[in-house]
Amino acid sequence: EKDKKKNEKKEDLSLRRKKPQDEGVTIFRVEPEASLLDPKSAFRFTFMASSQNPGVVEDELVCTEIVEKGGGGKTIFRTRMRANFVAPQLKLSRNRIEFEFLWDKQRPISSITESLTLENTGPLEVRFTVQVQYPFSTDIEEGGIPPDGSQEILVDFDPGYKVDRKSGTVKQCMAIQYDEHPAVNMVDLVGKVVWPNIELDTHKIDFGTV
């Protein structure tokens with residue numbers, strides 16, 4: 001009877017890494033780190049790995065039974081954890097797009113379109129969002145590219161933003177932001193509008209006293 005009660009006691013399990021990660025940065029995590037198990041029961045632990053740097057990381061996980069009255073307890077199992085972190089890799093067909101609108105009375109004022117191709121050169125699918133401001137715009141705001149795949153983005157420039165009908169140039173940056181990753185690709189956008197303007201060397205003519 002004594003042995004039977006001993007086998008049906010609750011077990012307090014603790015999961016921990018064998019050693020801290022370098023420089024205090026936690027790569028592997030387990031939730032929860034400890035749990036109290038009833039007799040003949042099971043519990044699901046969740047293991048997670050996160051890193052801002054690409055590469056292979058390894059560590060050892062130790063599961064320990066904690067003695068009810070204190071003490072170091074005993075090791076139930078040890079296992080190796082290994083993660084290969086891969087940075088998203090998009091190759092852009094160009095990093096600068098220039099637009100030029102030359103006024104012509106026979107030509108209506110309409111948007112100018114240029115294409116930009118994104119190529120996924122990495123082993124994982126890359127999901128992204130596109131951020132740009134008027135007078136520039138794109139045909140998509142977000143997308144996903146499978147490994148070794150590509151996607152074309154159409155970038156528009158609206159020369160009608162110059163409502164004063166004066167020649168000018170606007171410069172902006174279009175940001176391609178990766179989902180769940182801090183990496184960003186920037187594309188320089190330059191829009192030039194040329195109207196038939198006349199520049200005067202002065203705006204005032206004073207003949208004095210006549």
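No experiment lies behind these values; they were computed from the predicted model shown.

Chemist: Got a sec to walk through the overall build of the protein chain? Specific residues and values, please.
Modeler: Each helix and strand counted, the protein chain has one helix and 15 strands in total. In the protein chain, which comprises 210 residues, the share counted as buried stands at 29%. Carbon and sulfur atoms form 47% of the exposed surface of the protein chain, whose accessible area is close to 15,000 Å².

Chemist: Which residues make up the pattern of salt bridges, and what values go with them?
Modeler: The final tally for this structure, using the stated rule, is ten salt bridges. Three or more residues are tied together by salt bridges with common partners; here these are Glu 58, Arg 80 and Arg 82.

Chemist: Hey, could you go over a nonpolar patch on the surface for me, with residue numbers and the actual values?
Modeler: Taken together, the side chains of Ile 205, Phe 207 and Val 210 make up a nonpolar region of the molecular surface, amounting to roughly 460 Å² of accessible area. Of note, Phe 207 is situated in the segment after β15 (184-194). For Phe 207, a relative accessible area of 70% puts it in the exposed group.

Chemist: Residue-level account of the sheet that holds strand β7 (residues 90-92), with values.
Modeler: If you walk across this open sheet you meet the four strands as β7-β9-β13-β11, and the pairing is antiparallel. The sheet is open, and its two borders are formed by β7 and β11 (136-138), each paired with just one other strand. Neighbour-to-neighbour, the strand axes of this sheet turn through a mean angle of 30°, independent of strand direction. Sheet topology note: the β11/strand β13 (residues 150-157) ladder contains three bridges and is antiparallel. Counterpart to Ser 137 in the pairing with β13 is Asp 156.

Chemist: So what's going on with the environment of Phe 43? Residues and values would help.
Modeler: Relative to the assigned elements, Phe 43 resides in the loop between β3 (34-37) and β4 (46-49). When residues no more than four places from it in sequence are discounted, the contact partners of Phe 43 are Pro 32, Ser 35 and Leu 37.

Chemist: How would you summarise the packing of aromatic side chains if you had to cite specific residues and measurements?
Modeler: One pass over the full model with this rule turns up seven aromatic pairs. Here the aromatic residues Phe 99, Phe 136, Phe 157 and Tyr 161 are joined through ring pairs into a cluster of three or more.

Chemist: Quick one: what's the story with a negative patch on the surface, residue by residue and with numbers?
Modeler: Taken together, the side chains of Glu 141, Glu 142, Asp 179 and Glu 180 make up a negatively charged region of the molecular surface. Note on placement: Glu 180 falls in the loop between β14 (168-178) and β15.

Chemist: Account for the sheet that holds strand β12 (residues 142-145), naming residues and giving values.
Modeler: Strands sit in the order β8-β15-β14-β10-β12 across an open sheet of five strands; the sheet is mixed. Looking along the sheet, the strands with just one partner apiece sit at the ends: β8 (96-102) and β12. Direction aside, the axes of adjacent strands within the sheet are offset by 20° on average. The pairing of strand β10 (residues 126-131) with β14 spans four bridges and is antiparallel. Residue pairing across strands places Gln 131 opposite Ala 175, the latter belonging to β14.

What counts and what doesn't
- Residues numbered from 1 in each chain as written.
- Predicted model: local features only at pLDDT ≥ 70, side-chain atom pairs only at ≥ 80, totals over all residues.
- Heavy atoms only, no water.
- Helix = DSSP H or I, 4+ residues; strand = E, 2+ residues; numbered from the N terminus.
- Buried < 20%, exposed > 50% of the residue type's maximum accessible area, 1.4 Å probe, protein only.
- Areas by Shrake-Rupley, 256 points an atom, 1.4 Å probe, with all protein chains shown as cover.
- Salt bridge = Lys/Arg side-chain N within 4 Å of Asp/Glu carboxyl O.
- Patch = residues over 30% accessible without salt bridge, like charges linked within 9 Å, V, L, I, M, F, W, Y side chains within 5 Å.
- Pairing = 2+ DSSP bridges.
- Axes fitted to C-alpha atoms, helices over the stretch in contact; angles between N-to-C directions.
- Contact = heavy atoms within 4.5 Å.
- Phe/Tyr/Trp six-rings, centres within 6.5 Å; stacked < 30°, edge-to-face > 60°.
- Lys, Arg positive; Asp, Glu negative; His and termini not counted.
- Charge placed at Lys NZ, Arg CZ, Asp CG, Glu CD.

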